[in-house]
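Analysis of the macromolecular model
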Amino acid sequence: MSATEASPSSRLGGYLAAAGTVAIWTGFILVSRMGGKSALTPYDTLALRLGTAALLLLPFAGSLPRGAWRDGRLWALAMMGGLLYGVLAFAAFKFAPAAHGAILLPGMQPFLIAAVAWAISGARPGGASVAGLVFIAVGIACVTRHELVGHGNWTPELLIGDALLLGSSLAWAIYSVLARKWAYDPWTLTRFVALASALVFLPVYLLWLPKALDAVPPSMLALQGLYQGVAVTIVAMVLFLKAVAVLGAQRTGALVALVPVLAGVMAAPLLGEALSGWLIAGLLFVSAGAFVAVRPGRGKTNGALKT
C-alpha cells in the first residue's frame, strides 16, 4: 500500500513510526557519545549492545530460514553491518563529538550509499544526489570553520575520530547496498546480524579485549545495554520498516534527515559540547542535503536510493 493509498489513520501511524525512528537514531548519537566520554572501552559498549540484543533475539533463532548459518552472504552482512560498523562507531565516539557523529553517520548515508551502489552495480547517482552532495559539502565546510577557526580545537585525536566515523558510515552504506541487492527479509537480517555478530565478538571480547565495566556505575551499563541492544537494534528497525511500508522509503528517508540537526543541537545542553552559528549552519546544510537526496521526486528516481 502506497502513502497515497493509505488511510488517514494508517498515515498517522506511519508518521508516528518515522518520528520514533528519528528519536531513537538521534538518541543513538547522544548515548554513544556518553559511552565514549565514560571509562567504558568501545569493546565494552559493543559487547553490551550485542549481548543484550542476542539475549532477546535468541528465542527467535530457531525460526531463521533453513541454511541461514551456512549462508556466506548473511555472514558477510553480519560482519559488515553488525561488527565492523559497531567497532568503528564506538571507537570514534572516544574522540569525536556528537555533532560530528551526526554529520558523518546519518548525514553522509545517502551519498555513500549512492557511491557504493555505483561501484557495485553501476547505478549512477541522479541529479538529486548531486544537489544534495553540494549541500553536505557546504555543511562540512561550516563545521570545519567552527572547529578550526572558531574554537581552535582541531586535534589529531579529533581527526582520528572523524576518520573512524567515516569508516563506520561507509561500512553501513556497504551493508545497506548489499542487503538490498541480495534481497534478504529485514526480520531475518535483524536476527542473524545480531546473533552472528555476538557469536563472533563476545568470545574474543571475554578472552582478550580490554574491559572497564567496573569503572562506571550500573546505570551507565543499563543505559548502553538497553538503548543500544533493544531500542536501536530491535525497536528502531521495527518502527523504520513500519514507516517505510506506510509512507514509502523516500518520504521516510526525508524525515530521517532530521537526525543530524537534532543530535547536533541536543548535544550542547546534554553533553556540554560547543555550539556556534557555524555548527548550527553546518548541521542544517547536512540535513537539507540528506532531505534533497531522498525526497519524493518527479519522474525517474535515483536507483541507488530505491528499495
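Residues numbered from 1 in each chain as written. Predicted model: local features only at pLDDT ≥ 70, side-chain atom pairs only at ≥ 80, totals over all residues. Heavy atoms only, no water.

Observations regarding helix α2 (residues 42–57)
- Here α2 spans 22 Å end to end across 16 residues, near enough to the 22 Å set by a 1.5 Å rise per residue.
- For α2, a buried count of 12 out of 16 residues is recorded, marking the element as mostly surrounded by other parts of the structure.
- Regarding α2, the residues found buried are Pro42, Asp44, Thr45, Leu46, Ala47, Leu48, Arg49, Leu50, Thr52, Ala53, Ala54 and Leu57.
- Looking at the buried side of α2, the elements it contacts are α1 (8–37), α3 (72–92), α8 (186–208) and α9 (218–247). (Helix = DSSP H or I, 4+ residues; strand = E, 2+ residues; numbered from the N terminus. Expected span 1.5 Å × (residues − 1). Buried < 20%, exposed > 50% of the residue type's maximum accessible area, 1.4 Å probe, protein only. Contact = heavy atoms within 4.5 Å.)

Focus on the environment of Gly264
- Here Gly264 is to be found in helix α11 (residues 259–271).
- Residue classification places Gly264 among the buried residues on the basis of a relative accessible area of 3%.
- A C-alpha to C-alpha distance of 8.2 Å links Gly264 and Leu279, two positions 15 residues apart in sequence.
- Apart from residues no more than four positions distant in its own chain, Gly264 is found in contact with Ala99, Ala102, Leu275 and Leu283.

Some remarks on the pattern of salt bridges
- Using the criterion set out here, one finds one salt bridge in the structure.
- For Arg33, the salt bridge goes to Glu273, with nearest N and O atoms at 3.3 Å. Here Glu273 lies in the loop between α11 and α12 (277–294) and Arg33 lies in helix α1, a separation of 240 residues in the sequence. Glu273 carries the same exposure label as Arg33, and that label is buried. (Salt bridge = Lys/Arg side-chain N within 4 Å of Asp/Glu carboxyl O.)

Some remarks on the confidence of the model for the protein chain
- Here the protein chain averages 87 in pLDDT, and 89% of its residues register 70 or above.
- Contacts for the low-pLDDT stretch residues 298–307, under 50 throughout, to residues beyond four places or in other chains number 21 contacts. (pLDDT = per-residue confidence, 0-100.)

Concerning the environment of Leu170
- In this fold, Leu170 is placed in helix α7 (residues 156–182).
- Owing to a relative accessible area of 37%, Leu170 belongs among the partly exposed residues under this scheme.
- Sequence separation between Leu170 and Ala115 is 55 residues; the distance between their C-alpha atoms is 9.7 Å.
- If we skip the residues at most four places from it in the chain, Leu170 touches Leu112 and Val116.

Let's talk about unusual backbone geometry
- We note that Ala183 has phi near 55°; this positive angle belongs to a residue other than glycine.
- One can find Ala183 in the loop between α7 and α8.

Section: a nonpolar patch on the surface
- On the surface, Val134, Phe135, Val138 and Phe285 cluster together to form a nonpolar patch covering roughly 290 Å² of accessible area.
- Per-element accounting of the nonpolar patch gives the leading share, three residues, to helix α6 (residues 127–151). (Patch = residues over 30% accessible without salt bridge, like charges linked within 9 Å, V, L, I, M, F, W, Y side chains within 5 Å. Areas by Shrake-Rupley, 256 points an atom, 1.4 Å probe, with all protein chains shown as cover.)

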